[in-house]
Each structure stands twice: as C-alpha cells, then as structure tokens.
Amino acid sequence: REMRSWAATAAASWIVCIDNVSSIPGWFSDTLCKAVTGDGIVERALHTDDDLNILTFRRCIALTSIDAGRLAGDLAERLLAVELARIPTDRRRPDAEINAAYYGARPRILGALLDLTVEVLTTLPVVHLDELPRMADFARILAAIDRVRGWHTLASYTAAAAEATQAVLESD
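So, how was this worked out
Residues numbered from 1 in each chain as written. Predicted model: local features only at pLDDT ≥ 70, side-chain atom pairs only at ≥ 80, totals over all residues. Heavy atoms only, no water. Helix = DSSP H or I, 4+ residues; strand = E, 2+ residues; numbered from the N terminus. Rg over C-alpha atoms; globule rule 2.2 N^0.38 Å. Buried < 20%, exposed > 50% of the residue type's maximum accessible area, 1.4 Å probe, protein only. Contact = heavy atoms within 4.5 Å. Phe/Tyr/Trp six-rings, centres within 6.5 Å; stacked < 30°, edge-to-face > 60°. Bend = angle between axes of the 7 residues up to and from the residue. Lys, Arg positive; Asp, Glu negative; His and termini not counted. Salt bridge = Lys/Arg side-chain N within 4 Å of Asp/Glu carboxyl O. Polar contact = N/O pair within 3.5 Å; in protein donor to acceptor, adjacent residues only side chain to side chain. Arc of directions from axis to C-beta. Axes fitted to C-alpha atoms, helices over the stretch in contact; angles between N-to-C directions. Parallel < 35°, antiparallel > 145°, perpendicular 65-115°, else oblique. Nonpolar A, V, L, I, M, F, W, Y, C, P; charged D, E, K, R; others polar. pLDDT = per-residue confidence, 0-100.

Trainee: Give a description of the overall build of the protein that names residues and reports values.
Mentor: The number of helices and strands found in the protein is 6 helices and 4 strands. Of the regular secondary structure in the protein, the N- to C-terminal order runs α-β-α-β-β-β-α-α-α-α. Its C-alpha atoms give the protein a radius of gyration of 20 Å, clearly above 16 Å, the size a compact globule of 172 residues would have. Each of the three principal axes of the protein carries a C-alpha extent, and together these read 55 × 50 × 40 Å. For the protein, the proportion of its 172 residues judged to be buried stands at 23%. Of all intrachain contacts in the protein linking residues separated by at least 6 positions in sequence, the fraction that spans at least 24 positions is 59%.

Next comes the structure, spelled out in structure tokens:
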C-alpha cells in the first residue's frame, strides 16, 4: 500500500508474489516496472540524523488476477502473461493428492530445470538478436531456449507484448 513496505518486502524476497490483483494504481505500476529492472529506496535510519538504510533489489514479480484492469504500457511490455485453463470438475483433486504427486515428481522437475539451465547458459554466448525488445536479456534467454529446445518462445513473447501494447493503446 505504500513504498516503504513494498521496498522491504521486495528486498527480502527472491520472487514477490501478489495474489488476486483487481487493479494496479499508477504509482504501483511504475514500482513494479522498476522492481523488474532494478530499484531501491534510501531512507534515514531510525533514531538517527545521518545513518542511511539502503534497500536495493531486482525481482521477478508474480501477479494473479482475473482482470487487473487497464495496464500502463511499460508494465504491459514487461509482462509474461500465462492464461490457465479451468480444471474440469471430473479432474479436480484434493490438495493432499496434488502435494503427493508434486513431491514425487520434484527431483525430476528440479533435474530437468537444472539441465535446461546448463544448456541455455552454454548457448547464450552465441545468441545474437537483430533487434532487442524492451526486456533485452529476457529475450536473449528465450532465444537460447528456442535454440536448445526447438521452441518458439521468443516469437510468442514478442507477439504477446505487441498485443498488450495494442490493447493499452486501444483502451487509452
């Protein structure tokens, strides 16, 4: 709700998760953008006149929302939207069953993520893009993933960013 508590939360977390967002005020939109590319806050230390507390951070932000309302263009370009399908009633499971399945698969999931990370880091030095979007480093990582896996994540990301920008323009 205010900058001091936001900075403390972001600086103390590796990933900041904000659940059930119904709207994003202008100040918070700007703050989220800065948090993704790097931000900080400088404050006077409590009960002193000259000591400073400096909190700096660069974080991944996860937001959940059914509809966050109109987004600012710079925030829309930094989003990686993931639309989840509704789970049909006949496929829903209790938390205990989902947790058991997850804990059983967790070693394989972690191993697969680490293997992919090694492949991407090996490929990344030879990845060169003709045109860099706003999130240039992220785009290079997507291009490396595409090269390693034969996917098209960079094209999907840039198309989604263009769609988000268009939606922002149309709603203005």
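Read on for the rest.
Trainee: Describe the packing of aromatic side chains, listing the residues and the values that go with them.
Mentor: In the structure shown here, the tally under the stated rule is 3 aromatic pairs. Judged by centre distance (5.3 Å) and plane angle (65 degrees), the ring pair of tyrosine 102 and tyrosine 103 falls under edge-to-face. Residue classification places tyrosine 103 among the partly exposed residues on the basis of a relative accessible area of 48%. Note on phenylalanine 138 and tyrosine 157: the rings are 5.1 Å apart at their centroids and 80 degrees apart in plane angle, and the pair reads as edge-to-face. One end of the pair, phenylalanine 138, is in helix H5 (residues 136–149); the other, tyrosine 157, is in helix H6 (residues 153–171), with 19 residues separating them in the sequence.

Trainee: Would you mind going over the environment of alanine 10 in detail, with residue names and values included?
Mentor: Residue placement: alanine 10 occurs in helix H1 (residues 3–11). Along the sequence, alanine 10 and alanine 164 sit 154 residues apart, while their C-alpha atoms lie 25 Å from each other. Residues contacting alanine 10, with those up to four places away along its chain left out, are Val16, Phe57 and Arg59.

Trainee: How would you summarise helix H4 (residues 95–123) if you had to cite specific residues and measurements?
Mentor: Think of an α-helix as turning once every 3.6 residues; residues three or four places apart then point the same way. A bend of about 50 degrees at alanine 105 is the largest found in H4, and the proline proline 107 appears one to four places after it. Residues Ala105, Leu116, Val120 and Thr123 constitute the buried set of H4. Next to the buried residues of H4 lie H5.

Trainee: Can you lay out the side chain of aspartate 146 for me, pointing to particular residues and giving the numbers?
Mentor: Within the element layout of this structure, aspartate 146 appears in helix H5. Summary of buried charges: aspartate 146 has no salt-bridge partner, and the nearest side chain of opposite charge, arginine 147, is 9.0 Å away. Every residue in contact with aspartate 146, bar those within four places of it in the chain, is listed here: Trp151, His152, Thr153 and Leu154.

Trainee: Tell me about the side chain of threonine 123, residues and numbers included.
Mentor: Along the chain, threonine 123 turns up in helix H4. We classify threonine 123 as buried; its relative accessible area is 14%. Within the local environment of threonine 123, its side chain forms a polar contact with the backbone oxygen of glutamate 119, the two atoms lying 2.9 Å apart.

Trainee: Go over the pattern of salt bridges, please, and point to the residues and values.
Mentor: Scanning the entire structure with this criterion turns up 2 salt bridges. Ionic pairing is found between arginine 93 and glutamate 97, a salt bridge with its closest N-O pair at 3.7 Å. Taking the relative accessible area as the measure of exposure, glutamate 97 reaches 40% and is therefore partly exposed. Close ionic contact of arginine 149 with glutamate 119 constitutes a salt bridge, the shortest N to O distance being 3.4 Å. Of the two residues, arginine 149 is situated in helix H5 and glutamate 119 in helix H4; the sequence distance between them amounts to 30 residues.

Trainee: Could you give an account of H1, with specific residues and numbers?
Mentor: Taken together, the buried positions of H1 are Trp6, Ala7 and Ala10. Along the long axis of H1, the arc covered by the buried residues comes to 95 degrees, so they all point the same way.

Trainee: Could you give me a rundown of the packing of H4 against H5, with the residues and numbers involved?
Mentor: Two elements in contact, H4 and H5, have axes separated by 9 Å at closest approach and are oriented at 110 degrees. Accordingly, the angle class assigned to the pair H4 and H5 is roughly perpendicular. For the pair H4 and H5, the contacting residues are Leu116, Glu119, Val120 and Thr123 in the first and Ile141, Ala144, Ile145, Arg147, Val148 and Arg149 in the second. Split into classes, the residues belonging to the contact of H4 with H5 amount to 6 nonpolar, 1 polar and 3 charged.

Trainee: Please provide a residue-by-residue account of the confidence of the model for the protein, values included.
Mentor: The share of residues in the protein with pLDDT of 70 or more is 93%, and the mean pLDDT across the chain is 86. Model confidence for the protein, summarised as mean pLDDT per element, is weakest for strand E2 (residues 39–44) at 74 and strongest for H4 at 98.

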